[in-house]
Amino acid sequence: MNEMSLKDMSKLTELHQALEQHQIKGFLAQDEAEALYQYALHSSSLGPCLEIGSYCGKSSVYLGSACRAQDSILFTIDHHRGSEEHQAGEEYHDPDLFDRNAGRVDTFPALRKTLDLFSLQQTVVPIVAPSQVVAKKWAMPLGLVFVDGGHSLEQALFDCLTWSEFVVPGGYLLIHDIFPNPADGGQAPYLALQETLKKQTFSWVGTVRSLAILQRR
Ligand code: MG
């Protein structure tokens, strides 16, 4: 990976500040966000990027801005009904994202607003559906896949094992919320990472905080 240019560094500072200013919700550390931006920049010549778990679009802004700089595309998949931990009464429930009329979580309006704020309508393609449904007929090779969807073991395994198949040689698979120590967080993404590595189609690149980075052989 090349060093970041001054232009990219100032773009990132601008994105951090604007996301903060608009109070865009999300669970992503600044150094992880920078890694997303950088890997998306470097892989977009290989194919479009795809994200699983759009939520309110914080990570989509970093991935999408890098895609826009390269005239590429980011697909972002989310059913927008929230993961297990976002439901009413759960640890990460946010009443702002609860649709009282429908009686359930709906994060799609927040994603849409974020994409509008960052002028990403011509770059980011939201897909409002469960990842299993999209995967049924997906056929497009991808330069980068970022897995940050549901954190049940079943979902994490599905997302890592299925979507990794679409990454082209030289492309990247990024997996969020990797905690080797159970005291630091849920184990499903970590176990899914182990299963993905067993297939031996990816090389280990490293981690940035809780973001694991793999490259397709
Ligand atoms: Mg995450």
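Below: a short report on this structure. (Residues numbered from 1 in each chain as written. Predicted model: local features only at pLDDT ≥ 70, side-chain atom pairs only at ≥ 80, totals over all residues. Heavy atoms only, no water.)

### Quick look at the overall build of the chain
A tally of regular secondary structure across the chain gives seven helices and nine strands. Its C-alpha atoms give the chain a radius of gyration of 16 Å, within 12% of the compact-globule value 17 Å for 217 residues. Seen through its C-alpha atoms, the chain measures out along the principal axes to roughly 45 × 40 × 35 Å. Buried residues in the chain amount to 49% of all 217 residues. Across the chain, the fraction of contacts at a sequence separation of at least 24, relative to all contacts at a separation of at least 6, is 72%. (Helix = DSSP H or I, 4+ residues; strand = E, 2+ residues; numbered from the N terminus. Rg over C-alpha atoms; globule rule 2.2 N^0.38 Å. Buried < 20%, exposed > 50% of the residue type's maximum accessible area, 1.4 Å probe, protein only. Contact = heavy atoms within 4.5 Å.)

### Looking at the coordination of the magnesium ion
Taken together, the protein ligands of the magnesium ion are Asp148 (OD), His176 (ND1) and Asp177 (OD), with distances of 2.1 to 2.3 Å. All donors of the magnesium ion come from a single chain, and their spacing in sequence reads D-x27-H-D. Taken together, the positions of Asp148 in the loop between strand E6 (142–147) and helix H6 (153–163) and His176 in the loop between strand E7 (167–175) and helix H7 (188–198) put the pair 28 residues apart, joining distant regions of the chain. Here the two residues Asp148 and His176 agree in accessibility, since each one is buried. (Donors = N, O, S within 2.8 Å, 3.2 Å for Na, K, Ca; no water.)

### Digging into the environment of Pro169
Mapped onto the elements of the fold, Pro169 is located in strand E7. Its relative accessible area of 59% is what places Pro169 among the exposed residues. Taking C-alpha positions, Pro169 is 8.4 Å from Gly143, a pair spaced 26 residues apart along the chain. In this structure Pro169 touches Leu46, Arg216 and Arg217, once residues within four positions along its chain are discounted.

### Examining the packing of aromatic side chains
Under the criterion given, the structure shown has six aromatic pairs. Centre to centre, the rings of Phe27 and Tyr92 are 5.3 Å apart; their planes meet at 80°, and the pair counts as edge-to-face. Of this pair, Phe27 sits in the loop between helix H1 (6–21) and helix H2 (30–43) while Tyr92 sits in the loop between strand E2 (74–78) and strand E3 (98–99); the two residues are 65 residues apart in sequence, bridging distant segments of the chain. Tyr92 gets classed as partly exposed once you look at its relative accessible area, which sits at 38%. Measuring from centroid to centroid gives 5.5 Å for Trp138 and Trp163, while their planes differ by 70°, and the two rings are edge-to-face. Placement of Trp138 in the loop between helix H5 (131–137) and E6 and of Trp163 in helix H6 is noted, with a sequence separation of 25 residues between them. In this pair, the class of Trp138 matches that of Trp163, namely buried. Grouped by ring-pair contacts, the aromatic residues Phe75, Trp138, Trp163 and Phe166 constitute a single cluster. (Phe/Tyr/Trp six-rings, centres within 6.5 Å; stacked < 30°, edge-to-face > 60°.)

### Let's talk about the pattern of salt bridges
Evaluation of the coordinates by the stated rule reveals six salt bridges. For Lys11, the salt bridge identified is with Glu14, shortest N-O distance 3.2 Å. Of this pair, Lys11 and Glu14 are both found in helix H1, three residues apart, which corresponds to roughly one turn of the helix. In this structure Glu14 comes out as partly exposed when scored by relative accessible area, which is 45%. A salt bridge links Asp94 to Lys25; the nearest nitrogen and oxygen atoms lie 2.9 Å apart. Taken together, the residues Asp94 in the loop between E2 and E3 and Lys25 in the loop between H1 and H2 connect sequence positions 69 residues apart. Accessibility expressed as a relative area gives 17% for Asp94, which makes it buried. Three or more residues are tied together by salt bridges with common partners; here these are Lys25, Asp94 and Asp96. (Salt bridge = Lys/Arg side-chain N within 4 Å of Asp/Glu carboxyl O.)

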